[in-house]
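Coordinate analysis (summary)
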Amino acid sequence: MSAAIIASDKVVPMTAGSVATPARAANESAPPAPPVVAAPREPRTPVSEILMSIFKAVFPPIAGIVLLIAVWALLAGSGGSIPGPLPVWEAAKVLFADPFYNNGPNDMGIGWNVLSSLQRVGIGFGFAALVGIPLGFIIGRFAFMNAMLDPIISLLRPVSPLAWLPIGLLVFKQADPAATWTIFICSIWPMIINTAVGVQRVPQDYMNVARVLDLSEWKIVTKILFPSVLPYMLTGIRLSIGTAWLVIVAAEMLTGGVGIGFWVWDEWNNLKVEHIIIAIFVIGIVGLLLEQFLLLLARRFSYGNS
């Protein structure tokens with residue numbers, strides 16, 4: 001049985017079991033579509049390479065810590081008076097079981113002593129930043145101020161920070177502000193010097209453009225100098241905070257009161273050498289955390305990562 005469909009003045013024959021449509025006829029006469037080529041996939045990193053990178057990142061620090069503990073245990077076992085890692089570990093578990101107990105000004109947990117030291121460092125460091133960073137901009141911006149203040153900075157900067165502590169006691173009559181004053185005077189020099197160097201290294205083309213545009217001094221500082229000087233300024237801040245944390249321990253040993261330095265000296269008077277070693281690790285860890293925080297901040301504002 002056959003039939004025919006008339007479409008576009010053409011007769012398309014049909015047979016049983018088949019259906020002919022105009023679309024099918026057009027498809028039969030059209031050329032075949034090109035094959036679809038999938039985009040090449042990026043090669044995956046082998047699992048062995050991932051494990052090797054993790055090993056390279058983790059193993060060296062662990063090996064260093066193990067070496068330190070081994071040398072420490074060797075020295076402790078040679079008949080000296082230094083306690084070994086195990087007695088210090090047992091004392092640390094007892095000490096950190098309640099680090100924030102408070103039985104009076106002369107008997108407080110190690111947590112309160114660390115926070116008290118950080119408070120002094122924060123206050124002294126904050127005042128140093130408020131004074132040192134603007135002064136660094138002024139010294140780097142104006143040649144007259146640089147020539148006038150450079151001899152003073154060169155004279156006072158090499159003085160040991162603890163030499164300023166008696167001056168603070170004489171002026172403030174109290175131990176706590178005297179320690180804060182010591183932090184201020186030891187923190188200010190790196191910020192002044194690094195900020196001034198950063199201002200002096202700003203390309204002269206930037207300053208010429210500012211002069212052509214007749215920008216005010218405020219716009220020059222905020223729009224040109226500050227973005228360019230920021231990496232130098234953060235380097236000075238990082239150096240200052242490290243110096244401040246070093247000095248506060250020695251200052252608190254001399255002034256007393258609540259603080260990690262005074263706590264170390266008090267534990268020495270009580271002949272608790274294990275607690276002194278614990279305090280050394282605590283001081284190092286806190287200083288490391290402060291350093292790493294400022295390094296992350298410096299990377300965040302560096303031009304290479306922006």
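Residues numbered from 1 in each chain as written. Predicted model: local features only at pLDDT ≥ 70, side-chain atom pairs only at ≥ 80, totals over all residues. Heavy atoms only, no water.

Side note on the confidence of the model for the protein chain
The condition is simple: pLDDT is defined as a per-residue confidence score from the predictor, taking values between 0 and 100. Counting from the N terminus, the helices are the DSSP runs of H or I reaching at least four residues and the strands are the DSSP runs of E reaching at least two. Working rule for contacts: check all heavy atoms of both residues, and any pair within 4.5 Å makes them a contact.
Put simply, the protein chain has an average pLDDT of 81, and 83% of its residues get 70 or more. For the protein chain, the element scoring lowest by mean pLDDT is strand 1 (residues 3-7), at 42; helix 4 (residues 110-141) scores highest, at 92. Scored below 50 in pLDDT, residues 1-27 shows 18 contacts in the model against residues more than four places distant or in partner chains.

Quick word on the packing of aromatic side chains
Operational definition: Working definition: rings of Phe, Tyr and Trp (its six-membered ring) pair if their centres are within 6.5 Å, and the pair is stacked with planes under 30 degrees apart, edge-to-face with planes over 60 apart, and tilted otherwise. Working definition: with a 1.4 Å probe on protein chains only, accessible area under 20% of the residue-type maximum means buried, over 50% means exposed, and in between means partly exposed.
In this structure the tally under the stated criterion is five aromatic pairs. Considering the side-chain rings of Phe55 and Phe59, the 4.9 Å spacing of their centres and the 15° angle between planes classify their relative orientation as stacked. Here Phe55 pairs with Phe59, and both are found in helix 2 (residues 47-77), just four residues apart, close to one helical turn. The class for Phe59 is partly exposed, based on a relative accessible area of 45%. When the ring of Trp164 is compared with that of Trp181, the centres are 6.1 Å apart and the planes differ by 75°; the resulting orientation is edge-to-face. Separated by 17 residues along the polypeptide, Trp164 in the loop between helix 5 (143-156) and helix 6 (165-172) and Trp181 in helix 7 (residues 175-200) bring together distant segments of the chain.

Focus on a nonpolar patch on the surface
Defined as follows: Here the term patch refers to residues with relative accessible area over 30% and no salt bridge, with like charges joined within 9 Å and nonpolar side chains (Val, Leu, Ile, Met, Phe, Trp, Tyr) within 5 Å. Here the accessible surface of atoms and residues is derived via Shrake-Rupley with a 1.4 Å probe, and residues count as covered only by protein chains that are part of the display. Salt bridges are counted wherever a side-chain nitrogen of Lys or Arg sits within 4 Å of a carboxyl oxygen of Asp or Glu.
A cluster of nonpolar side chains, Val47, Ile50, Leu51, Ile54, Val58, Ile62 and Val66, forms an exposed patch at the surface whose accessible area comes to about 630 Å². Counting through the fold element by element, Val47 comes out in helix 2. Exposure remark for Val47: the relative accessible area of 59% places this residue in the exposed category.

Brief notes about the environment of Trp112
Operational definition: Under this definition, polar contacts are N or O atom pairs within 3.5 Å; protein pairs additionally need one hydrogen-donor-capable and one acceptor-capable atom, and for neighbouring residues in sequence, both atoms have to be side-chain atoms.
On the secondary structure map, Trp112 appears in helix 4. Owing to a relative accessible area of 34%, Trp112 belongs among the partly exposed residues under this scheme. In this structure, the C-alpha to C-alpha distance between Trp112 and Asn102, residues ten residues apart in sequence, is 8.3 Å. A distance of 2.7 Å separates a polar atom in the side chain of Trp112 from the backbone oxygen of Phe100.

Some points on unusual backbone geometry
The residue Lys173 is not glycine, and still its phi comes out positive at about 65°. Relative to the assigned elements, Lys173 resides in the loop between helix 6 and helix 7. With a phi angle near 55°, Asp214 is a residue other than glycine that sits in the positive phi range. Of note, Asp214 is situated in the loop between helix 8 (204-212) and helix 9 (217-255). Residue Asp214 is classed as exposed on the basis of its relative accessible area of 67%.

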